[in-house]
Amino acid sequence: MNIQFKKGVLEICVLSVLAYKDCYGYELVNEISKRIDISEGTIYPLLHRLKDEGYVTTYLQESAGGAPRKYYRLTDSGRKEEHERKEEWMRFAASVNALLERKNDAAE
Amino acid sequence: MLQNEQEFIRILKDRLSGTLAKEELDDIVSDYAEHFQVGRANGRSDEELWRSLGSPEDVAREIKAMHLVKKAESVKSCSNIFHAVLATLGLGLFNLVFVLAPFLLLVCMLVVVLILGFVFTITGPVTLLYSVLQMAGLPAFAIWLNPVAGIFISVGITTTGLLLIIGDYYLARFFYRVGIAYLKWNISVITGTEGTA
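J.: Is there a simple way to explain the overall build of chain A in this structure?
T.: Along chain A, the regular secondary structure elements total four helices and three strands. When the elements of chain A are put in sequence order from the N terminus, they spell out α-β-α-α-β-β-α. Computed over its C-alpha atoms, the radius of gyration of chain A comes to 17 Å, more than 25% above the 13 Å expected for a compact globule of 108 residues. Seen along its three principal axes, the alpha-carbon backbone of chain A occupies a region of about 65 × 30 × 25 Å.

J.: When you look at the sheet that holds strand β2 (residues 56-63) of chain A in this model, what are you seeing that I'm missing?
T.: Sheet strands associate in pairs through backbone hydrogen bonding, adopting either a parallel or an antiparallel arrangement. All names here are of chain A. Ordered in space as β1-β3-β2, the three strands form an open sheet in which the pairing is antiparallel. Lying at the two open borders of the sheet, with one neighbouring strand each, are β1 (23-24) and β2. Relative to strand β3 (residues 66-74), β1 runs antiparallel, the two being bridged by two bridges. When the bridges of β3 are listed, Cys23 appears paired with Tyr72.

J.: Would you mind showing me how to read the pattern of salt bridges here?
T.: When their charged atoms lie close together, side chains carrying opposite charge are able to pair. All names here are of chain A. Summed over the entire model, instances satisfying the criterion amount to 18 salt bridges over all chains. Taking the shortest distance from any N to any O, the salt bridge between Glu11 and Arg85 comes out at 3.0 Å. Of this pair, Glu11 sits in helix α1 (residues 3-20) while Arg85 is found in helix α4 (residues 76-101), placing the two residues 74 residues apart along the sequence. Among the residues examined, Glu11 registers a relative accessible area of 14% and is labelled buried. Between Lys80 and Glu84 there is a salt bridge; the shortest N-O distance is 3.8 Å. Placement of the pair is Lys80 and Glu84 together in helix α4, with a separation of four residues, close to one helical turn. Looking at Lys80, the relative accessible area reads 56%, which means it is exposed.

J.: Quick question: what am I supposed to make of the environment of Gln6 of chain B here?
T.: All names here are of chain B. Structurally, Gln6 is set in helix α1 (residues 5-16). What makes Gln6 exposed here is its relative accessible area of 55%. For the pair Gln6 and Lys76, spaced 70 residues apart in the sequence, the C-alpha separation amounts to 37 Å.

J.: What should I look at first to understand the nonpolar core in this one?
T.: Across soluble globular proteins, you tend to see nonpolar side chains buried next to one another. In terms of nonpolar packing, the biggest core is built from 42 residues, with Val14, Leu18, Leu28, Ile32 and Leu47 of chain A together with Phe8 and Tyr32 of chain B touching the most fellow members. The biggest single contributor to this core is helix α2 (residues 22-41) of chain B, with seven residues. Ranked by size, the runner-up nonpolar core spans 16 residues in total, among them Leu68, Ala84, Leu89 and Leu183 of chain B.

J.: Would you mind showing me how to read the interface of chain B and chain A here?
T.: It is common to report an interface's size as the accessible area lost on association of the parts. Between chain B and chain A, the residue contacts involve 31 residues of the former and 27 residues of the latter. Buried surface at the junction of chain B and chain A, both sides included, amounts to about 2500 Å², of which 47% is carbon and sulfur. At the surface where chain B touches chain A, the tally comes to five salt bridges. The residue Glu40 of chain A makes a salt bridge to Arg44 of chain B at a minimum N-O spacing of 4.0 Å. In this structure, the connection of chain B to chain A is made through 13 residue pairs in polar contact (both at pLDDT 80 or more). Every element with two or more residues in the side of chain B that touches chain A is listed here: α2, α3 (46-53), α4 (56-74) and α7 (147-190) of chain B. Broken down by class, the residue content of the side of chain B that touches chain A amounts to twelve nonpolar, twelve polar and seven charged.

J.: Explain the packing of α1 of chain B against α4 of chain B to me, please; I cannot follow it from the model alone.
T.: Any two packed helices are characterised by how steeply their axes cross, that is the angle between the axes, and by the distance between the axes. Residues and elements named next belong to chain B. Two elements in contact, α1 and α4, have axes separated by 9 Å at closest approach and are oriented at 35 degrees. The chirality of how α1 crosses α4 is right-handed. Where α1 approaches α4, its residues Phe8, Ile11, Leu12, Arg15 and Leu16 are matched on the opposing element by Pro56, Glu57, Val59, Ala60, Ile63 and Lys64. Its residues assigned to classes, the contact of α1 with α4 shows eight nonpolar, no polar and three charged.

J.: Sorry if this is basic, but what is going on with helix α6 (residues 95-135) of chain B here?
T.: Owing to its 3.6 residues per turn, the α-helix brings residues three or four apart onto one side. All names here are of chain B. An ideal rise of 1.5 Å per residue puts 60 Å on 41 residues; α6 measures up with 59 Å between its terminal C-alpha atoms. Listing the buried residues of α6 in full gives Asn95, Val99, Leu110, Gly117, Thr121, Gly124, Thr127, Tyr130, Ser131 and Gln134. Buried positions along α6 lie against α5 (78-89) and α7. Residue Gly137 follows α6 closely and has a positive phi angle near 100 degrees.

J.: Just checking my understanding: could you explain the packing of aromatic side chains for this structure?
T.: Counted under the stated rule, the structure contains eleven aromatic pairs over all chains. Consider the rings of Tyr169 of chain B and Tyr170 of chain B, whose centres lie 5.2 Å apart with planes at 75 degrees: the pair is edge-to-face. You can call Tyr169 of chain B partly exposed: its relative accessible area is 46%. By way of ring pairs, the aromatic residues Tyr44 of chain A together with Phe8, Tyr32, Phe36 and Trp50 of chain B are connected into one cluster. Over the ring of Tyr24 of chain A we find Arg69 of chain A; its NZ or CZ atom is 4.5 Å from the centre of that ring.

Analysis parameters
Residues numbered from 1 in each chain as written. Chains lettered and ligands numbered in written order. Predicted model: local features only at pLDDT ≥ 70, side-chain atom pairs only at ≥ 80, totals over all residues. Heavy atoms only, no water. Helix = DSSP H or I, 4+ residues; strand = E, 2+ residues; numbered from the N terminus. Rg over C-alpha atoms; globule rule 2.2 N^0.38 Å. Pairing = 2+ DSSP bridges. Salt bridge = Lys/Arg side-chain N within 4 Å of Asp/Glu carboxyl O. Buried < 20%, exposed > 50% of the residue type's maximum accessible area, 1.4 Å probe, protein only. Core = buried A, V, L, I, M, F, W, Y, C linked by side-chain atoms within 4.5 Å. Contact = heavy atoms within 4.5 Å. Buried area = accessible area lost by both parts, 1.4 Å probe. Polar contact = N/O pair within 3.5 Å; in protein donor to acceptor, adjacent residues only side chain to side chain. Nonpolar A, V, L, I, M, F, W, Y, C, P; charged D, E, K, R; others polar. Axes fitted to C-alpha atoms, helices over the stretch in contact; angles between N-to-C directions. Left-handed = near helix turned anticlockwise from the far one by under 90°. Expected span 1.5 Å × (residues − 1). Phe/Tyr/Trp six-rings, centres within 6.5 Å; stacked < 30°, edge-to-face > 60°. Lys NZ or Arg CZ within 6 Å of the ring centre and 35° of its normal.

Below is the structure:
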C-alpha cells in the first residue's frame, strides 16, 4: 500500500494505542508495525510532534532489571483529539467501504 | 559500515547538532537509544533494528524539516521560511514539484505585485509634476493631458500603488500562514519511506 496512505493514518493509530494504555517507545512502535508496514523511525518524530502539540506527555518508569523507560501518556486534550479523530475516521471508513462494496445499489 | 546503535546515534547527532538545541537533541536521541536497547532485550540484532527504523540520515532529515517548519511558524522571517522550504525539499525529489514549484510561483507573484505597487506609487507624483508644469504654461510634450484631470489621476494612481503595496504585505502574511500548514502536512503525510521489517 502506498506510503501516503499509511502516514496519513499513523497519527490516529498512535493516539488510539495510547488511549488504550501508556506505552514506552518500543512497545508503541511494535504495536503499530505489527499491523502496518511502515518505517519505524518515523513514529518517533510523530511522538515528538504530538508532545509539542500537547496531546501526549512523557514520564520515566523503572523497568524490570533495566534502565528506566520513557513512557508516553495521552493528556486530556490528547484524549479529546483521539475521540474526535476516531469518530471522524469511523464515519469516513464506513462511507468508503459502503461505496466500494456498493451494498445498496447492487440490485439496481 | 557497521550498522549498530553507536553508529546510528552518531549519525543522528551529527546531522542534527547544528539545528536542534542540546536538550531537544538529547531527548530525541534517548528515544532511539532506548529503542535499540529494548529491541536487543527482545532478541533482535542491531542491524535488524536499524533496517526497520530506516536510515539515520532519513530520520534526521525528517526531524530537521519538522523543526525548521516549527521555527518558521513561531518566528516569522524570510530566512526562516526559506530554510524550512529547503529542508522540506530534501525529503524527496517529488517535492521539487510539490514544494519548490508553488513556493517560487508565490514568491514571484508577491514580487510582481510589489513592483507594480512601486511603479504606480512613483507614477503619481510624476503625473502631478507634469500637470503642474502644464498649468504654469509649459508646452505639453509627448502627450496632452488636461492639467486638472492630471492632478486627480495622479492622486488615483498613487493611491492604487499604495494599496497594492499594503495588499501585498497582507498577501505575503496569508501565503506564509498557509505555506506553514502545507509544509507540516507535507512532512507528516507525503514524505517517508516504506518499512522493511
